[in-house]
Amino acid sequence: MKKGEIYEGIVEKIEFPNKGILHIEDEKVIVKNALPGQKIQFLVNKKRKGKCEGRLMQVLERSEIETAETVCPHFGICGGCLYQTIPYETQLEIKKEQVKELLDGVCEEYEFEGIKGSPLADCYRNKMEFTFGDEVKDGPLALGMHKKGSFYDIVTVDGCRIVNEDYSRILKATLTYFEKKNTPFYHRFTHEGYLRHLLVRRASYTGEILVALVTTGQEGPELAAWKEELLALPLNGKIAGILHIVNDSLADAIKSDRMEILYGQDFFYEELLGLKFRISTFSFFQTNTKGAEVLYETAREYVGSLCEGEEEPSSIVYDLYSGTGTIAQLMAPVAKKVIGVEIVEEAVEAARENARQNGLENCEFIAGDVLKVLDEIEEKPDFIILDPPRDGVHPKALSRIISYGVERLVYISCKPTSLARDLEIFIENGYEAVRCVPVDQFPFTTGIETVVLLSRRQD
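The present account deals with the structure reproduced in this document.

Scoring rules and cut-offs
- Residues numbered from 1 in each chain as written.
- Predicted model: local features only at pLDDT ≥ 70, side-chain atom pairs only at ≥ 80, totals over all residues.
- Heavy atoms only, no water.
- Core = buried A, V, L, I, M, F, W, Y, C linked by side-chain atoms within 4.5 Å.
- Buried < 20%, exposed > 50% of the residue type's maximum accessible area, 1.4 Å probe, protein only.
- Helix = DSSP H or I, 4+ residues; strand = E, 2+ residues; numbered from the N terminus.
- 1 Å grid on protein atoms, 1.4 Å probe; cavity = no way out; pocket = protein on both sides within 12 Å on 5 of 7 lines; lining within 4 Å.
- Points joined across faces, edges and corners; volume = space filled by probe spheres on them.
- Nonpolar A, V, L, I, M, F, W, Y, C, P; charged D, E, K, R; others polar.
- Contact = heavy atoms within 4.5 Å.
- Pairing = 2+ DSSP bridges.
- Axes fitted to C-alpha atoms, helices over the stretch in contact; angles between N-to-C directions.
- Arc of directions from axis to C-beta.

Attention now goes to the nonpolar core. With 44 residues, the main nonpolar core has Ile 385, Val 410, Ile 412 and Val 451 as its most contacted residues. With 7 residues, helix 4 (residues 289-307) is the single largest residue contributor to this core.

Laid out in structure tokens, this is it:
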């Protein structure tokens, strides 16, 4: 095969997260966003050091597994979901095999417990970050997700399948309001314009909604009428707060230079496995509430096996990368004390408030980088729970965690490739995987969570 030439072939499988695998002329080729069984046309755009990558040009023939009856109207244009044309059970099978292949590559003997699906496949997300822009250069105002394969173009996703219809009503009302006002969106090249993002969070159980409009500090229309239009919408849930966030940073991320509460409050409440959680604008909380219950029940069961037979809880548990303290509070009943460490101060404050709300007195939350904070904690752990960001655990922090020599750990991962890399280091340092189960939190997308129980080898 030669770089710059176009080829055709049938995709054999898909490796995490979206790498379609083909063999052409005895060479392995990776083509992203192609599904197993599809006959595709692709352009070879990278070839070096024995690796060959292609860019998907078109799907010539659909795969036999593409039999889903309902497909999102934005599929193929929006870059958010890959598996819309595949039935949910088939999606689970693909994700299960992806995780198992990665873990089999580093773990010798362990119990692989299949895969657990999300209780909801549709309307499961509790948070969406929409972006203002245009679908084509100098086109009308759009509000939604980035167009597939584009850094600039935006698709208005007012019929998104993976969120409650309240999101679409809020999105459409917001877009219509600013269209009428001829309000410009923020251009990344010129750094001019007003509208940047619309953040919507909606609790699955309480139905409370938080809406945040993110703009630059440049001149824009008054927002009182926009607020009133949102409050008048016929929603399934109830708006708890409407916020205006000003962000003048150059980065294309939702940040806050200052915030004004236009209505209500800057937080809402959600429930999870019998506990109540206060969630603020930037607090981390699993984006699939009912799926998170499956995930955390699994982690709690793994931890609970350590404490069986104890008349009085005696274990010190570290919950590292603790977010708003969800895991820590769920583990509190089976531990003497749970210590959570989280770098986002706002999330730590929320965790402390959540523990107070739930009457848990044996939870302590520390704000700081895991790598820097561990040496400052006097109580040493009997058990460690890891729930790191997508890139996994920092190598220096991983070395520090291993040095505690705890008998067991639970690792909750949202990126199986990072998990496999970190597991290899654990195994090199005397640990072994005992049990593992992927838990799907992200139907129709490539994302997958995985829970692993690790034990120190008894040599």
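Another aspect to go through is the layout of surface pockets. Roughly 670 Å³ of volume is contained in the second largest pocket. If you trace the second largest pocket, you find 26 residues lining it, with Lys 32, Asn 33, Leu 56, Leu 82 and Lys 148 closest to the centre. Of all the secondary structure elements, the ones that give two or more residues to the lining of the second largest pocket are strand 4 (27-32), strand 5 (39-48) and strand 6 (51-61). Per-element tally for the lining of the second largest pocket: the top contributor is strand 6, with 5 residues. Taken together, the residues that form the lining of the second largest pocket break down as 7 nonpolar, 12 polar and 7 charged.

Quick look at the environment of Gly 340 now. Relative to the elements of secondary structure, Gly 340 occurs in strand 18 (residues 337-342). The sequence separation of Gly 340 and Val 451 amounts to 111 residues, and the corresponding C-alpha distance is 18 Å. Filtering out sequence-adjacent residues up to four positions away, Gly 340 remains in contact with Asp 319, Ser 322, Glu 364, Phe 365 and Ile 366.

We now examine the sheet that holds strand 8 (residues 127-134). In any sheet, the strands associate via hydrogen bonds between backbone groups, in a parallel or an antiparallel arrangement. Read from one edge of the open sheet, 7 strands run 10-9-8-11-12-13-14, paired in mixed fashion. Unpaired on one side and paired on the other, strand 10 (154-156) and strand 14 (258-264) mark the two borders of the sheet. If you compare each strand with its neighbour and ignore which way they point, the axes differ by 35° on average. The pairing of strand 13 (residues 238-246) with strand 14 spans 6 bridges and is classified as antiparallel. Of the residues in strand 14, the one forming a bridge with Gly 241 is Gly 264. Contacting strand 11 (195-202), strand 12 (208-215), strand 13 and strand 14, helix 3 (residues 224-231) crosses the sheet at an angle of about 155° to strand 13.

The next point concerns helix 8 (residues 395-403). Regarding helix 8, the residues found buried are Ala 397, Leu 398, Ile 401 and Ile 402. Along the axis of helix 8, the buried residues cluster in a sector spanning 140°; they form a single face. Looking at the residues trailing helix 8, positive phi occurs at Gly 405, about 70°.

With respect to topology, 8 strands assemble into an open sheet ordered 7-22-23-21-20-17-18-19, the strand pairing being mixed. Two strands close off the open sheet at either side, each with one partner strand: strand 7 (111-112) and strand 19 (363-367). Pairing of strand 17 (residues 316-320) with strand 20 (residues 383-386), which is carried by 4 bridges, proceeds in the parallel orientation. What sits directly across from Asp 319, in strand 20, is Ile 385. Contacts between helix 6 (residues 345-357) and the sheet are confined to strand 18 and strand 19, with strand 19 contributing the most and set at about 165° to the helix.

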